[in-house]
Amino acid sequence: MQTILILDHGSQYTQLRARKIREQNVYCEIHPYNKIPPLTENIKGVVLSGSPYSVTDPQAPDTDLSLFKGKLPVLGICYGAQYMVHKSGGKVEKSVIREYGRAKLVSVNEDCALLKGVKQDSQVWMSHGDTILQLPSDFEVICSTENVQNAGYKIKGEETYAIQFHPEVHHSEFGSQLLRNFVLDICHCDGSWTPASFVKSTVEELKQKLGNDKVVLGLSGGVDSSVAAMLLHRAIGNNLTCIFVDNGLLRKNEFEDVLQSYQNMGLNVIGVNAKQDFYKVLAGVTEPEKKRKAIGKTFIDVFDREANKLKDVKWLGQGTIYPDVIESSSVKGPSQTIKSHHNVGGLPDYMKLQLVEPLRLLFKDEVRKVGKELGLKQELLGRHPFPGPGLAIRILGDITEEKVTILQEVDNIFISSLKQWNLYDKVWQAGAILLPIQSVGVMGDERTYERVVALRAVESVDGMTADWCHLPYEFLAEVSNKIINQVKGVNRVCYDISSKPPATIEWE
Ligand code: XMP
């Protein structure tokens with residue numbers, strides 16, 4: 001498969017850049033600058049990313065350019081641009097005027113293959129503290145902004161290009177054009193990496209890899225595990241057995257509905273009612289991390305119990321996606337996770353199953369496209385993210401079956417109202433939280449002392465940062481009324497207006 005290699009020097013824009021290149025239907029992979037993979041024939045070009053470091057810092061990332069420069073097309077971006085100049089005897093220094101934000105390209109060499117179709121006076125997005133003051137003699141300037149003479153350059157006699165602005169951000173007007181020029185015209189990729197071609201080649205590879213072997217996979221109801229199951233099913237049919245566990249912490253009717261859609265999709269799926277296993281271990285547990293650990297462990301026990309009933313299973317299928325893969329081998333090393341996420345899935349070592357992860361090359365939005373290609377219903381594809389520990393981390397304090405039922409009712413009113421008001425798809429994630437307090441109210445002539453719930457709806461791209469949704473007052477009024485009238489035991493509804501950071505999406 002034709003591949004563009006992105007060497008990461010720790011820039012926060014690297015994943016976005018990879019996605020923008022993939023939007024040109026060209027596959028690309030991110031690797032740390034100090035772990036360059038073998039440069040096989042498939043690698044058609046190299047992109048050097050930005051970095052939080054200055055090239056003059058003693059700890060600045062040091063990439064071995066001799067492996068590919070002059071042999072393959074190269075595009076240096078920000079740090080990548082400055083680094084190649086620094087290494088070739090040019091001059092890079094702290095900028096006198098710090099360059100952040102919008103800038104205009106006052107001159108553009110449109111004859112340069114990289115800049116074909118990039119218009120003079122168009123806007124670009126700068127973000128660097130260093131600047132290239134002097135280019136080595138065999139480098140030529142290809143574009144400039146008002147403040148930066150050497151905004152882009154090409155090395156004579158080589159297909160090596162560099163720019164000091166960010167082509168991947170939305171504010172760089174011709175950024176996509178520039179990336180397209182690089183991957184299609186300069187690297188000669190054919191732009192044939194589409195959801196359809198991904199499905200075809202992945203199904204082929206899975207067939208080769210798995211032959212007549214049996215695979216077991218845990219379905220969660222989420223997009224990733226569903227798409228992974230569909231791909232495996234297409235490759236090996238009923239040699240795939242899926243296990244879908246009801247942990248008693250799912251949304252109202254979720255288990256039955258999702259199980260039904262999986263069966264309709266033709267998947268060979270075992271539904272396991274393990275509610276009581278989970279309630280038992282959660283009884284009296286109030287600390288969020290303890291809840292997560294208990295749920296994670298119980299999931300493994302239940303899954304293990306069910307999987308052991310199957311005969312001759314050799315593989316464990318998982319819906320791991322690319323950000324998890326990059327995270328585990330990133331330049332900075334695995335980042336500190338604040339909560340123990342991804343605590344479902346994974347089996348004890350003694351089961352000795354090999355892992356098969358058909359989505360490990362894909363970003364989340366690409367998983368959705370592949371799901372669509374495989375005919376997955378919009379209802380499943382467009383679902384909000386839902387945490388593995390489910391409602392357990394939305395019931396603050398200890399968990400009882402009664403509390404789960406109350407929260408399911410509240411959550412169901414909120415989510416179905418979002419759908420009725422056509423707001424569901426505009427919200428990234430929504431849910432209700434049962435608070436560990438009671439409040440005084442009055443219903444009829446009676447004083448009440450009942451439960452309080454909070455509603456949370458956020459806008460986000462990837463869950464890393466989020467803002468609360470400005471839902472219409474009329475909508476909130478209707479939902480609050482319905483909840484208080486229909487859910488016995490609740491007499492007060494609050495709406496959470498905190499952004500992340502400093503708050504998080506979940507309350508626990
Ligand atoms: P926070 O609360 O950290 O949530 O802002 C970010 C995203 O992660 C989800 N989340 C979890 N997902 N296991 C999961 O599988 C967990 O323990 C967990 N905690 C939070 C959360 O729903 C949001 O989408």
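Residues numbered from 1 in each chain as written. Predicted model: local features only at pLDDT ≥ 70, side-chain atom pairs only at ≥ 80, totals over all residues. Heavy atoms only, no water.

What follows is about the layout of surface pockets. Taken as a whole, the second largest pocket encloses approximately 320 Å³ of empty space. When residues of the lining of the second largest pocket are traced back to their parent elements, those giving at least two are α2 (79–87), β5 (91–108) and β6 (123–134). Class assignment for the residues of the lining of the second largest pocket results in 6 nonpolar, 10 polar and 3 charged. (1 Å grid on protein atoms, 1.4 Å probe; cavity = no way out; pocket = protein on both sides within 12 Å on 5 of 7 lines; lining within 4 Å. Points joined across faces, edges and corners; volume = space filled by probe spheres on them. Helix = DSSP H or I, 4+ residues; strand = E, 2+ residues; numbered from the N terminus. Nonpolar A, V, L, I, M, F, W, Y, C, P; charged D, E, K, R; others polar.)

Following the criterion strictly, the structure yields 11 aromatic pairs and no others. Geometrically, the ring pair formed by Trp193 and Phe198 is edge-to-face, given 6.4 Å between the ring centres and 85 degrees between the ring planes. The class of Phe198 is buried, set by a relative accessible area of 4%. Each residue in the set Tyr27, Trp193 and Phe198 is aromatic and connected to the rest through ring pairs, giving one cluster. Between the NZ or CZ atom of Arg22 and the centre of the ring of Tyr322, over which it lies, the distance is 4.9 Å. Above the ring of Tyr161, the side-chain terminus of Lys154 is found at 5.5 Å from the ring centroid. (Phe/Tyr/Trp six-rings, centres within 6.5 Å; stacked < 30°, edge-to-face > 60°. Buried < 20%, exposed > 50% of the residue type's maximum accessible area, 1.4 Å probe, protein only. Lys NZ or Arg CZ within 6 Å of the ring centre and 35° of its normal.)

A few words on the domain arrangement of the protein. Segmenting the protein into domains produces domain 1 (3–186), domain 2 (195–381) and domain 3 (400–495). A straight line from the C-alpha centre of domain 2 to that of domain 3 covers 29 Å. Interface area, domain 2 with domain 3, both sides summed: about 650 Å², of which 42% is carbon and sulfur. In terms of surface lost to domain 3, no three residues of domain 2 exceed Arg251, Lys252 and Tyr279, which account for 75% of the buried area on that side. Scanning the region where domain 2 abuts domain 3 turns up 2 salt bridges. Put simply, Asp411 and Arg251 hold a salt bridge, and the shortest N to O gap is 2.8 Å. (Domains from an automatic or database assignment. Buried area = accessible area lost by both parts, 1.4 Å probe. Salt bridge = Lys/Arg side-chain N within 4 Å of Asp/Glu carboxyl O.)

Residue position: Glu254 is located in helix α6 (residues 254–264). Side-chain polar atoms of Glu254 contact the side chain of Arg383, separated by 2.6 Å. When residues no more than four places from it in sequence are discounted, the contact partners of Glu254 are Leu259 and Arg383. (Polar contact = N/O pair within 3.5 Å; in protein donor to acceptor, adjacent residues only side chain to side chain. Contact = heavy atoms within 4.5 Å.)

Per the counting criterion, the structure on display carries 2 cavities of 30 Å³ or more. Empty space within the largest cavity amounts to approximately 50 Å³. At the level of elements, β15 (429–443) and β16 (446–460) are the ones that each hand at least two residues to the lining of the largest cavity. Among the elements that make up the lining of the largest cavity, the one with the highest residue count is β15 (4 residues). For the lining of the largest cavity, the class distribution of residues is 5 nonpolar, 2 polar and 3 charged. Volume-wise, the second largest cavity comes out at about 40 Å³. Along the walls of the second largest cavity sit Leu105, Val118, Ser122, Gln123, Val124, Phe165, Ser172, Phe174, Gly175 and Leu178, which together make up its complete lining. Residue assignment for the lining of the second largest cavity shows that the elements contributing at least two residues are β6 and α3 (175–186). Grouping the constituent residues of the lining of the second largest cavity by class yields 6 nonpolar, 4 polar and no charged.

Turning our eyes to something else, we now look at the packing of helix α7 (residues 275–282) against helix α8 (residues 288–307). Across the interface, α7 lies against α8 with an axial gap of 10 Å and an inter-helix angle of 150 degrees. For the element pair α7 and α8, the recorded crossing hand is right-handed. On the side of α7, the interface is formed by Asp277, Phe278, Val281 and Leu282, while α8 contributes Lys291, Ala294, Ile295, Thr298, Phe299, Val302 and Arg305. When the residues that make up the contact of α7 with α8 are grouped by side-chain class, the tally is 7 nonpolar, 1 polar and 3 charged. (Axes fitted to C-alpha atoms, helices over the stretch in contact; angles between N-to-C directions. Left-handed = near helix turned anticlockwise from the far one by under 90°.)

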